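Architecture and fold: a report
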Amino acid sequence: MDLCYLYCVWQAKYRGLILLLTFLCYTSYHLSRKPISIVKSELHYNCSSRGVNPRNDSNSTTWCDWKPFDQENYKELFGALDNAFLVAYAIGMYISGMFGERLPLRYYLSGGMVLSGLFTALFGLGYYWQIHHLWYFLIIQVCNGLVQTTGWPSVVTCVGNWFGKGKRGLIMGIWNSHTSVGNILGSLIAGIWVSQAWGLSFIVPGIIIAFVGVLCFLFLVEYPEDVECSPPLHHSSSEEKGLEADSSIGDGSLNVSNHSRENIIDAVESTKATAEEREAISFLDALRIPGVVEFSFCLLFAKLVSYTFLYWLPLYIVNVAHLSAKEAGDMSTLFDVGGIIGGILAGLVSDYTGGRATTCCVMLILAAPM
């Protein structure tokens, strides 16, 4: 078998592994972000619907709520939790992008995931430690927002290193469904314990993202040239061994095999030399790349809507449709089901039409009346 063919097959397997691993990584990031939206309706609940107050206070309608969210300003407090995460996330994203280009992605991403798991679990441990101070939950949200910024720049960079531009829209459309898949899984997992012990709605996702972070540390490869080329380069195939043993084979066949081997070695050494010459670009240089500013604004307004749905849709459904916290969480996943379908469809259309900006514009216009 030709060594070049073996090399291509071997690299394709690694590309599939990287695509799957980065998909799981960012799925777990969103899986750990979602529980707060499910638990909100449990932190402040219409307690009169739960029957007799065991505290013998018949006039109280907040006996089942979690302090300090049992007051009339509970919506403002929930908003403060969201803002604590998102402001820290926005600031940290700028810093994280610079660190991500200068540090090994495997360590940076896996470390961020383990820390995200820790802070997510700490929020849930507030239930078991009987913590009723707003500052505790705000600090946890700020810390979680900062460490969660390690995810997006790292996984996008890693995927960009392994995949070319051809059919990038379809690949990214399928791969980018990790956001919606994570939201769906986060809603379903948090909904299991939200009405019994809401602390587990955070602890379990925290354990999951930390576990995936360990997998990332063990198996993530940042660049194709970082992979040892032992399968095609250092182990002789059965055909090569047969050629060496058979004295009837002339030098020509062996020369062809050696020539292929030398080509692969030269290619790998060339890519490694290129990798050593890489330098992180500055923020201003990034802004000069055509389309960066325009697509950034598109993402800004798309995220404005998606994060509103992410953090407030379950509570809205509870208040309007009067469903339980679990039922509202399950219904809210329909938004993310549409996100999976729409993302893949947009990627496919943009590949075949070549109109990335046009596809983006049309999808955002259609989203507005929805």
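Residues numbered from 1 in each chain as written. Predicted model: local features only at pLDDT ≥ 70, side-chain atom pairs only at ≥ 80, totals over all residues. Heavy atoms only, no water.

On to empty space enclosed by the protein, then. What the rule picks out here adds up to one cavity of 30 Å³ or more. Looking at the largest cavity, the residues that line it are Ser32, Arg33, Ile36, Phe85, Phe119, Thr120, Phe123, Ile140, Gln141, Asn144, Phe202 and Tyr311. Of all the elements in the fold, those that place two or more residues in the lining of the largest cavity are α1 (3-33), α4 (105-128) and α5 (134-147). Residue classes in the lining of the largest cavity are distributed as seven nonpolar, four polar and one charged. (1 Å grid on protein atoms, 1.4 Å probe; cavity = no way out; pocket = protein on both sides within 12 Å on 5 of 7 lines; lining within 4 Å. Points joined across faces, edges and corners; volume = space filled by probe spheres on them. Helix = DSSP H or I, 4+ residues; strand = E, 2+ residues; numbered from the N terminus. Nonpolar A, V, L, I, M, F, W, Y, C, P; charged D, E, K, R; others polar.)

Our next topic: the layout of surface pockets. Within this model, the second largest pocket holds a volume of roughly 360 Å³. As for the second largest pocket, its lining consists of 16 residues, and the residues nearest its centre are His44, Tyr45, Asn46, Val318 and Asn319. The biggest single contributor to the lining of the second largest pocket is helix α14 (residues 292-321), with three residues. The class makeup of the residues in the lining of the second largest pocket is five nonpolar, nine polar and two charged.

This paragraph deals with the packing of aromatic side chains. Scanning all chains against the criterion turns up 21 aromatic pairs. The interplanar angle of 10 degrees and the centroid separation of 5.8 Å between the aromatic rings of Phe85 and Tyr89 together place this pair among those described as stacked. With Phe85 and Tyr89 both in helix α3 (residues 74-102) and four residues apart, this pair spans about one turn of that helix. Tyr89 shares its class with Phe85; the two are buried. Ring geometry for Tyr307 versus Tyr311: centroids 5.9 Å apart, planes at 35 degrees, classification tilted. Taken together, the residues Tyr307 and Tyr311, both in helix α14 and four residues apart, mark about one turn of the helix. Pair check on accessibility: Tyr307 and Tyr311 agree, each one buried. Members of the aromatic cluster, joined through ring pairs, are Trp66, Phe69, Tyr74, Phe78, Phe123, Tyr127, Tyr128, Trp135, Tyr136, Phe137, Trp198 and Phe202. Stacked on the ring of Trp312, the Lys or Arg Lys40 has its end atom at 3.7 Å from the ring centre. (Phe/Tyr/Trp six-rings, centres within 6.5 Å; stacked < 30°, edge-to-face > 60°. Buried < 20%, exposed > 50% of the residue type's maximum accessible area, 1.4 Å probe, protein only. Lys NZ or Arg CZ within 6 Å of the ring centre and 35° of its normal.)

Turning to the nonpolar core, a few remarks are in order. Inside soluble globular proteins, nonpolar side chains tend to come together where they are buried. Counting 49 residues, the largest nonpolar core has Phe69, Leu109, Met113, Phe123, Phe137 and Trp198 as the members making the most contacts within it. Elements supplying a minimum of two residues to this core: α1, α2 (35-43), α3, α4, α5, α6 (151-162), α9 (200-219) and α14. Apart from residues no more than four positions distant in its own chain, Leu109 is found in contact with Cys25, Tyr29, Thr150, Gly151, Ser154, Val155, Cys216 and Leu220. (Core = buried A, V, L, I, M, F, W, Y, C linked by side-chain atoms within 4.5 Å. Contact = heavy atoms within 4.5 Å.)

Here the protein shows a mean pLDDT of 82. Residues at 70 or above account for 78%. Low pLDDT, under 50, characterises residues 230-257; the predicted model gives this stretch 20 contacts beyond four residues in sequence or across chains. (pLDDT = per-residue confidence, 0-100.)

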